[in-house]
Amino acid sequence: MEGLIYLDYAATTPLRKEVKEHMIELLDGPFGNPSSTHQFGRKSRKIVEECRKFIASNFNCSTSEIVFTSGGTEADNAALIMAVRDLGVTRIVTSRIEHHAILHSAEALKRNYNIDVEFVNLVENGSPDLDDLERILESEQKTLVTLMHANNEIGNILDLKKVSELCKNNEAYFHSDTVQTIGQLSIDLSKVHIDFLSASAHKFYGPKGVGFLYVNNTVKAGSFIAGGAQERNMRGGTENILGIGAMHKALELKVLKYDQENEHIKSIKIYLMDQLKENFGDQVFFNGGSGDLDISLNKILSVSFPKLKNDMLLFTLDLNGIA
């Protein structure tokens with residue numbers, strides 16, 4: 001990596017050194033099945049439950065509301081499937097700039113369950129039009145609203161509290177993909193009514209292949225992976241001890257360094273914006289709300305160079321060691 005510049009943190013973050021070291025320790029640690037009642041199993045179970053407890057304390061929710069998954073895509077899929085299959089949802093309301101984990105899942109449910117899929121309008125900067133959402137929710141149709149907390153390409157931040165209030169007032173369920181915002185924005189689930197929330201460890205310096213789904217205790221849903229009683233009877237299969245333990249460490253460090261790292265990332269974003277404007281003038285512009293620090297994530301800056309073909313630009317940057 002020496003001499004190379006990595007600017008694709010929205011796709012994945014590198015594994016933090018301390019997390020890697022912790023994973024190596026875990027490889028020599030408990031090997032028992034966490035569902036086993038003997039001491040080998042109990043030691044593994046402790047790793048799983050300590051992570052669950054830390055997540056719950058960080059988001060101000062109950063440990064029983066945290067379900068471990070293989071990542072954000074599985075968590076997104078599970079939330080939508082449970083809403084349609086178990087909660088009687090016949091309509092999914094989302095936006096056209098959601099992650100494919102949502103858009104493709106919604107389309108699959110439309111085909112397989114004959115549900116309706118509606119798209120909320122976007123305002124000029126790319127954010128969902130909440131007035132349009134309020135209009136859509138006036139229908140009495142059983143609805144799940146799924147809107148991401150921050151867009152993975154333009155960084156626009158959704159007002160979770162306002163959307164949750166709109167959903168609650170109209171008796172709609174609310175799911176938010178928070179994959180990009182864990183460790184970037186604080187979320188207090190005791191103050192914001194959300195039914196489902198998705199997260200993935202590899203967006204906050206943890207390993208790939210592990211994440212979690214928050215399922216509000218008021219939601220009564222069955223398993224989305226059958227085969228065992230693990231994870232509140234929702235996700236059968238032996239838990240990924242190594243991944244869960246590493247995710248715990250990664251989130252712990254991200255929370256510990258929250259203010260320091262966010263200020264550092266913000267300063268880099270401001271510097272990059274200033275340098276691009278200084279060197280390219282009006283040839284460059286920032287897409288959506290990514291150039292507005294008040295409404296976008298510090299870690300995302302989406303830039304257009306109108307006179308260049310973006311596919312060749314990315315290729316040329318890569319040849320020069322910039323990802």
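Values in this document were obtained by computation on a predicted structure and should not be read as measured data. Just so you know, the residues in each chain are numbered from 1, in the order the chain's sequence is written. Given that this is a predicted model, residues contribute local features only at a pLDDT of at least 70 and side-chain atom pairs are listed and counted only at 80 or more, while totals for whole chains, interfaces and linings are drawn from all residues. Heavy atoms from the whole structure form the basis of all side-chain values; hydrogens and water molecules are not counted.

1. What to know about the overall build of the chain
We count it as follows: For helices the rule is a DSSP run of H or I covering at least 4 residues; for strands it is a run of E covering at least 2, with both sets numbered from the N terminus onward. Our radius of gyration is a C-alpha quantity, and the globule rule it is checked against amounts to 2.2 Å times the number of residues to the power 0.38. To sort residues, take the accessible area from a 1.4 Å probe on protein chains only and compare it with the maximum for the residue type: under 20% means buried, over 50% means exposed, and anything in between is partly exposed. Contacts were defined at the residue level, with two residues in contact if any of their heavy atoms lie within 4.5 Å. His residues and chain termini do not enter the charge count, which takes Lys and Arg as positive and Asp and Glu as negative. For charged residues, the charge sits on one atom: NZ in Lys, CZ in Arg, CG in Asp, CD in Glu.
If you tally the helices and strands in the chain, you get 10 helices and nine strands. Against the globule reference of 20 Å for 323 residues, the chain gives a C-alpha radius of gyration of 21 Å, in line with a compact fold. With the principal axes as the frame, the chain shows a C-alpha extent of 65 × 55 × 35 Å. The proportion of buried residues among the 323 residues of the chain is 49%. Considering only contacts in the chain between residues 6 or more positions apart, those separated by 24 or more positions represent 66%. Of the side-chain charges in the chain, 34 are positive and 43 negative, and the distance between the mean point of each set is 6 Å.

2. A short note on the packing of aromatic side chains
Working definition: an aromatic ring pair is given by the centre-to-centre distance plus the angle between the planes. Inclusion rule: A pair of Phe, Tyr and Trp rings is counted when the ring centres sit within 6.5 Å of each other, with Trp represented by its six-membered ring. The angle between the planes then sorts it: under 30 degrees is stacked, over 60 is edge-to-face, the rest tilted. Geometrically, a lysine NZ or arginine CZ counts as sitting over a ring once it is within 6 Å of the ring centre and also within 35 degrees of the ring normal.
Under the counting rule described, the total for this entry stands at five aromatic pairs. Linked through ring pairs, Tyr6, Tyr9 and Tyr205 together constitute an aromatic cluster. The ring of Tyr205 carries the charged tip of Arg16 above its face, separated from the ring centre by 4.6 Å. Sitting above the plane of the Phe119 ring, Arg96 keeps its charged end 4.0 Å from the centroid.

3. As for the pattern of salt bridges
Our working definition: Each reported salt bridge corresponds to a side-chain nitrogen of Lys or Arg within 4 Å of a carboxyl oxygen of Asp or Glu.
For the coordinates displayed, the defined rule picks out 12 salt bridges. Glu118 is the salt-bridge partner of Arg91, the closest N and O atoms lying 3.1 Å from each other. With Arg91 in strand 2 (residues 91-94) and Glu118 in strand 3 (residues 116-119), the pair connects residues that are 27 residues apart, well separated along the chain. Among the residues examined, Arg91 registers a relative accessible area of 2% and is labelled buried. If you follow the salt bridges from partner to partner, you end up with Arg45, Glu49, Arg52, Glu231 and Glu239 in one network.

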